[in-house]
Amino acid sequence: MHAWKKRNVRSIQAMTKRTDVYIGFDSAWGDKQKGAICALSLARGKPLHFVAPHLVTFREAHCFIHDMKSSTGNTLIALDQPTIVRNSAGMRPVERVAASLVSWLGGGVQPANLGRLGMFCDASPIWPFLGRLGALEDPERARYATGGFYLIEVFPALALASFDPEFFGLRRAPKYNPGRRKTFRTKDWIRVASAAARLARTMACEDLARWCDETAAITQPRKADQDRLDSAICVLIALHWRLRPRAESIVLGDLDTGYMVLPASADVRERLDKPARKHSVPIDACFRAESADMTPGAGGPRGVASAMRTCRVPNLDDR
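Only a predicted model underlies this, so the values are computations on that prediction, with no experimental measurement involved. (Residues numbered from 1 in each chain as written. Predicted model: local features only at pLDDT ≥ 70, side-chain atom pairs only at ≥ 80, totals over all residues. Heavy atoms only, no water.)

Student: Can you break down the overall build of the protein chain residue by residue, with the values?
Tutor: For the protein chain, the helix and strand inventory stands at eleven helices and seven strands. For the protein chain, buried positions account for 55% of its 319 residues. A separation of at least 24 residues holds for 69% of the contacts in the protein chain among residues at least 6 apart in sequence. Accessible area for the protein chain stands at about 14,000 Å²; split by element, carbon and sulfur atoms hold 50% of it. (Helix = DSSP H or I, 4+ residues; strand = E, 2+ residues; numbered from the N terminus. Buried < 20%, exposed > 50% of the residue type's maximum accessible area, 1.4 Å probe, protein only. Contact = heavy atoms within 4.5 Å. Areas by Shrake-Rupley, 256 points an atom, 1.4 Å probe, with all protein chains shown as cover.)

Student: Give a description of the state of the cysteines that names residues and reports values.
Tutor: Applying the stated criterion across every chain, the model contains zero disulfides. No disulfide involves Cys 212; its sulfur sits 8.6 Å from that of Cys 38, the nearest cysteine. (Disulfide = S-S within 2.5 Å.)

Student: So what's going on with the pattern of salt bridges? Which residues, and what values?
Tutor: Under the criterion given, the structure shown has 20 salt bridges. Of the charged contacts in the structure, one is a salt bridge between Arg 246 and Glu 140, with a shortest N-O distance of 2.7 Å. Of this pair, Arg 246 sits in the loop between α9 (223-243) and β6 (249-254) while Glu 140 is found in helix α5 (residues 139-144), placing the two residues 106 residues apart along the sequence. Considered together, Arg 246 and Glu 140 belong to a single accessibility category, that of buried residues. (Salt bridge = Lys/Arg side-chain N within 4 Å of Asp/Glu carboxyl O.)

Student: Just give me the short version of the packing of aromatic side chains, but keep the residues and values in it.
Tutor: Inspection of the entire model under this criterion finds six aromatic pairs. Ring centres 5.1 Å apart and planes at 55° place the aromatic pair Trp 104 and Phe 168 in the tilted group. Residue Trp 104 is found in helix α3 (residues 93-105), and its partner Phe 168 is found in the loop between α6 (156-163) and α7 (186-202); the two are separated by 64 residues along the sequence. Through successive ring pairs, a cluster of aromatic residues spans Phe 25, Phe 58 and Phe 129. Seen from the ring of Trp 241, Arg 143 lies directly overhead, with NZ or CZ sitting 5.8 Å from the centre. Here the basic side chain of Arg 271 rests over the ring of Trp 104, its NZ or CZ set 3.8 Å away from the ring centre. (Phe/Tyr/Trp six-rings, centres within 6.5 Å; stacked < 30°, edge-to-face > 60°. Lys NZ or Arg CZ within 6 Å of the ring centre and 35° of its normal.)

Student: Tell me about helix α4 (residues 126-133), residues and numbers included.
Tutor: Taken together, the buried positions of α4 are occupied by Ile 126, Trp 127, Phe 129, Leu 130 and Leu 133. Buried positions in α4, seen along its axis, are confined to an arc of 160° and lie on one side of it. Tucked into the core, α4 has its buried residues touching β1 (20-26), α2 (58-68), β4 (74-79) and β5 (148-153). Phi for Gly 134, located one or two positions after α4, is positive at around 75°. (Arc of directions from axis to C-beta.)

Student: Can you lay out the nonpolar core for me, pointing to particular residues and giving the numbers?
Tutor: Of all hydrophobic cores here, the largest spans 48 residues; its most connected members are Leu 76, Ile 152, Leu 208, Leu 229, Ile 233, Leu 236 and Leu 239. At the level of elements, β2 (35-43), β4, β5, α6, α7, α8 (206-216), α9 and β7 (258-263) are the ones that each hand at least two residues to this core. At ten residues, α9 tops the list of elements feeding residues into this core. Core analysis: the next-biggest nonpolar cluster, separate from the first, contains 26 residues, Phe 25, Ala 39, Phe 120 and Trp 127 among them. (Core = buried A, V, L, I, M, F, W, Y, C linked by side-chain atoms within 4.5 Å.)

Student: Got a sec to walk through the pairing of β1? Specific residues and values, please.
Tutor: The buried fraction of β1 is high, at seven of seven residues. The alternating pattern of β1 places Asp 20, Tyr 22, Gly 24 and Asp 26 and Val 21, Ile 23 and Phe 25 on opposite faces, both of which are buried. Two elements, β1 and β2, share seven bridges in a ladder whose sense is antiparallel. Among the inter-strand pairings, Asp 20 is bridged to a residue of β2, identified as Leu 42. Here β1 pairs with β4 via five bridges, running parallel. By the bridge assignment, Ile 23 is partnered in β4 with Ile 77. (Pairing = 2+ DSSP bridges.)

Student: Which residues make up the side chain of Arg 228, and what values go with them?
Tutor: Within the secondary structure, Arg 228 sits in helix α9. Overall, Arg 228 belongs to the buried group, its relative accessible area being 16%. Discounting chain neighbours no more than four positions away, the residues touching Arg 228 are Ala 36, Pro 53, His 54, Leu 55, Trp 211 and Arg 222.

Student: Please give an account of the side chain of Asp 26 that cites residues and values.
Tutor: Mapped onto the elements, Asp 26 comes out in strand β1. There is no salt bridge for the buried Asp 26, and the closest opposite charge comes from Lys 223, which lies 5.4 Å off by N-O distance. Beyond its immediate stretch of four places on either side in the chain, Asp 26 contacts Gly 35, Ala 36, Asp 80, Asp 227, Asp 230 and Ser 231. (Lys, Arg positive; Asp, Glu negative; His and termini not counted.)

Listed below in structure tokens is the structure:
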């Protein structure tokens, strides 16, 4: 057993009957360092139990997810790492669109391609992790399902532009990565953690909000602290995708070349529209991924193109 205790896991499993489980995983993209993971369970829309972000390897993350997985409700994993990578070099189409907004905000996008050894080549840990996990990548079904095991790709740094209007604007992206000493700003660290706390409270997730408040108070955060904070943002994206109106999120991209599930304010949606059309990247496509083959080393699901249909999704304000 890892950082959590066996007795704690047993109590969580008992409590998670007839509940939905949300997991945020900020992986490190490789095995040279650990990522961070956290989880939140809800019963009838009300928070039941929160497992605070902690550092994990891919193998430890798999064990944690297995322990947390709901046996009667829906389990949704929000992963901060590309899960579908076909291109041998450069950026995926979805990243080109995301980069157009992120660069305007004053940030950058790490490219995902098969040439990045240890991250997306055939020997990279992400592919056996996804293969062993066996979660379905079908964002629309994951949103409405009453049961099942799902995974979505997310992008915390870009989500912030929709979570707090203060982060949307020319060169207004927060500099909250302590690993980049030249650009890191303590005030941005506080602003990001505080914004996450506010969002958690809007969804009545007080334990998560309290953790974010405590994180905002860290006077000298380290890179590991940012990884933990990003995993909390990942779980907030998962909650937002399931609990907020559909019009407040977008699915950028597709299951053939890559996608991201993003919270999307009206300003963010408008800003993404032009580059999406320029790069022929769909926004809000309907996915069908039942026949996807999560084979290790495959660069993501095989056979998805034939199993996917694309259509416009109406703005459903049903939640």
